[in-house]
Amino acid sequence: MYLDGSRDAPGTERVRSSLVLPIGIIVAVAFVCVIVAAVGSARRADEVAIKQERQLFVTGVRNHADRILREVKSIITLDHAVERIAANPDLQWIAARVDGLRATFFHYDFVFVVDGDDRLLFPSGYPGLDPIALRFNLASALEVLRGAGRRSSASFHVLSAAVHATAKGRAQATLLQIFAGRPALVAAVAIAQDTDAAAREAPAIIAVRFIDDEVLADLASRLQLHNLRLLTGGQAPENDYVYEIAGGEGRTISRFAWTPQKPGARIVASVFPFITIAFFGFLLLAAFVLRHMRGTARTIASTEKRLRHLAMHDPLCGLPNRIYFSERLERMIREVQNGGATAAVFYIDLDHFKDVNDILGHPVGDELIGAVAMRLSRVMRESDVVARLGGDEFAVIRTIASGAATLQGVADRIISALCTPYALADQSIIIGASVGIAAIGPHAAAADVMRHADMALYRAKNEGRNRACIYDAAMDADLVQRKLLQDDLRQAIADDGLRVEYQPVVSPSGTKMTGVEALARWLHPVHGEIPPAEFIPIAEHCGLIIDLGAWVLRRALTDGMAWPGLTVAVNVSPMQFRRADFAEVIERTLAEIGFDPARLELEVTESTLIGSVDNAEAAMLRLKALGVTLALDDFGTGYSSLQYLRRFPFDRLKIDHSFVRSIENATEAAAIVHAVVSLGRGLGMKVTAEGVETAEQQLFLRAAGVHSMQGYRFGRPTLADAITERIASRHDLASEVYIAAG
Ligand code: C2E
Ligand code: MG
Ligand code: MG
């Protein structure tokens, strides 16, 4: 019945998915970038480190060879070495020196001395070394030393060479070559005076040092190369770095391997914890942001829901409002059109709600609306739509069989629920309810359904309220008829098509006519006589009552000029009374016609006093000041409020004929009449009884003490001439019991 809570925040999911994805992507991209950067710089650091290690290694090997060279050269610097080796070889001296050299710190594997023609002077041979192979192996170093050989060859790699002897040094060379099948460092020095020519043809000392574990261990410890070794064959492990020393033509002479330092891994290892912390930090932040967003989305969704509820519901009673009702009506019509169950609209209007508001105040009125909403909701099914359309109008949409009895049954339940007295503001309040019912047909449009329900409601109110009417096609005709009557009435007022009849008001004895009441009459050219009970409400509804009232007043006063002793009573509609210029119009008309204000009595009903009472009170006081008298008409049918009687300056009370009629049958009616008469008298008012038809009624009322009477017993409303005639004949004074002539 209340707004469907089913429309639960689709926004939450939407917000979540629309934010999670981009945030996730941003975080992921950021992390991939950080990781790529870290790994990239680690790799770069590894590359730089390997490059450095490689250079170190090359330099280390060269330095090692240079050290050998320096050792060898130290022989030559010895006393007369050149003479003892070159000029006149002293083999004994050579053997002693060279062997001494071999035994030194460097532990050369071989030391050879050759003459200027590259013939081996010392030693004559090494056990296990084939002299031809030996020659071949020595050839590389000698070729480089003499400057005759190629600077590089497939079988050796020149580490350093100074072919041209200078003042600072001798011709010398260091090589890395395969010597006797093993990689070796070879250092060769020319034993000569420091001249070019001598260097080329001079004897030479050649020292050979195999690159064995000892050499490698020495290099490794100097260069801080881990696991440095010679690769003789096969593959090195994946993590090790392999460095090849190649001779000319790119042929590999030897391959070295070591485990590089890889600082990149250390960089990564040192950065990794921070990246991990940052990653989890981001995750945490993302989770926090998501949670926050979800909370915000939920708040937005619930605010949205609340706003929608406010927009769709009546703030006073919480029921759906007209907007929501219209939506549901459209939906229901579609369902009916698609073959769904038949349904109907019940249009409910509270009777006298405005009076409660005016008399008891708006807070009580608001409370009453809340109570009505509650009762209405209770009496309807959960599946029905119960709405407040505004003011004192409610409506219900209900799926229901279209039979009249069923529809009436529901409406009766509504009426009886709403008419049960309400206990509000320490009072028991009774209101009524009228219901207009319109079935939702398969060809209906929402506007038509509401128009039909409205017409049915109008009919229910017109038929006396507190009842329900079901719309039928004849009501459309009625509406058309009413519209036509309205136009005709406007015309009749303009063309003097109305007339006024006067009903005598007589003394309690019925013998003396004390006044007349002017009553409007309309003879319609087509429909014949239309009673005021029908055309006065139409005139009030469309505002014609102002012109009509002015017309009747003018007519009655004009006619009344002929009856100097009589009071002329004119009925005044609440609409006339509420106009600011009302008293002024009366005063002007009186003056224009020259009518004695003291003979004019204005009859108002209690509804005149509801609402803008201050205006009404001011108008009444002004009229009283003129001398006009005021009568409260139909007393007993409205609120019969003592408050009104005390506050407003009425001169007369007119007891409604419904009481008079009931005098004989209902004892309480008689009691009421008695009470009203005493009340009026007590407040210094005159009391008139209306609708007196029988002698018994007259007797009773006379005994009760009314001041005057009115009714068919004393004369029906009649034309002015007839009144004039009656006065002239003084007929009313003739007999004690007057029997109506007309
Ligand atoms: P009302 O002012 O209470 O007028 C008295 C009504 O009671 C008149 O009905 C009158 O014909 C009727 N009546 C009088 N004696 C008897 C009786 O013995 N038995 C019965 N059954 N009825 C009796 P009417 O003329 O049909 O007027 C009805 C109402 O229309 C009036 O009630 C008055 O409220 C309103 N009305 C009539 N003329 C005017 C008018 O010029 N201006 C305004 N504002 N209202 C008018
Ligand atoms: Mg009247
Ligand atoms: Mg009356």
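The coordinates are above.
Residue positions within a chain follow its written sequence, with the count starting from 1. Here the convention is simple: chains get letters from A, ligands get numbers from 1, in the order in which they are written. For a predicted model such as this one, the threshold for reporting local features is a pLDDT of at least 70, and the threshold for listing and counting side-chain atom pairs is 80 or more; totals across whole chains, interfaces and linings nevertheless cover every residue. Neither water nor hydrogens contribute to the side-chain values; these are computed over all heavy atoms in the structure.

Our focus in this paragraph is the coordination of the magnesium ion (ligand 3). Only N, O and S atoms count as donors, using a 2.8 Å limit from the metal and a wider 3.2 Å limit for Na, K and Ca, and since water is excluded some coordination spheres may look unfilled. Every protein donor of the magnesium ion (ligand 3) is listed here as Asp633 (OD), Asp634 (OD), Glu690 (OE) and Glu690 (OE), and their distances to the metal cover 2.1 to 2.4 Å. Positions of the donor residues of the magnesium ion (ligand 3) along the chain correspond to the pattern D-D-x55-E.

What follows deals with the coordination of the magnesium ion (ligand 2). The magnesium ion (ligand 2) binds to the protein through Glu517 (OE), Asn571 (OD1), Glu603 (OE) and Asp633 (OD); the donor distances cover 2.0 to 2.3 Å. The sequence pattern describing where the donors of the magnesium ion (ligand 2) fall on their chain is E-x53-N-x31-E-x29-D. For the pair the magnesium ion (ligand 2) and the magnesium ion (ligand 3), the metal-to-metal distance amounts to 3.9 Å, and Asp633 bridges them. With a gap of 54 residues between them, Glu517 in strand 18 (residues 513-524) and Asn571 in strand 20 (residues 567-571) connect regions that are remote in the sequence. Put simply, DSSP marks the helices as runs of H or I at least four residues long and the strands as runs of E at least two long, and each gets a number from the N terminus on.

With that settled, the discussion passes to the site of ligand 1. Near is defined per residue: the residue qualifies when any heavy atom it owns lies within 4 Å of the molecule or strand. Looking at ligand 1, there are 22 residues lining it, with Gln503, Glu517, Asp633, Glu693 and Tyr712 nearest. Asp633 places a polar side-chain atom, nitrogen or oxygen, 2.9 Å from an oxygen atom of ligand 1. Under this definition, polar contacts are N or O atom pairs within 3.5 Å; protein pairs additionally need one hydrogen-donor-capable and one acceptor-capable atom, and for neighbouring residues in sequence, both atoms have to be side-chain atoms. Contact distances for ligand 1 include 3.0 Å between an oxygen atom and a side-chain N or O atom of Glu690. Burial of ligand 1 by the protein amounts to 83% of the accessible area it has alone, namely 780 Å². Broken down by secondary-structure element, the contributors of at least two residues to the shell around ligand 1 are strand 18, helix 14 (532-542) and strand 22 (629-635). No other element matches strand 18, which puts 4 residues into the shell around ligand 1. Of the residues assigned to the shell around ligand 1, the class counts are 9 nonpolar, 6 polar and 7 charged. Note that accessible areas follow from Shrake-Rupley with a 1.4 Å probe, and for residues the cover is restricted to the protein chains shown. The classification used treats Ala, Val, Leu, Ile, Met, Phe, Trp, Tyr, Cys and Pro as nonpolar, Asp, Glu, Lys and Arg as charged, and all other residues, Gly among them, as polar.

Each reported salt bridge corresponds to a side-chain nitrogen of Lys or Arg within 4 Å of a carboxyl oxygen of Asp or Glu. Following the criterion strictly, the structure yields 35 salt bridges and no others. Arg67 serves as the salt-bridge partner of Asp218, at 3.7 Å between the closest nitrogen and oxygen. Taken as a pair, Asp218 in helix 6 (residues 213-223) and Arg67 in helix 1 (residues 10-76) lie far apart in primary sequence, 151 residues in all. When a residue's accessible area, from a 1.4 Å probe over protein chains only, is under 20% of the maximum for its type it is buried; when over 50% it is exposed; and in between it is partly exposed. You can call Asp218 partly exposed: its relative accessible area is 22%. Arg521 is the partner of Glu501 in a salt bridge, and the nearest nitrogen-oxygen pair spans 3.5 Å. Highlighted residues: Glu501 in strand 17 (residues 498-506) and Arg521 in strand 18, separated in sequence by 20 residues.

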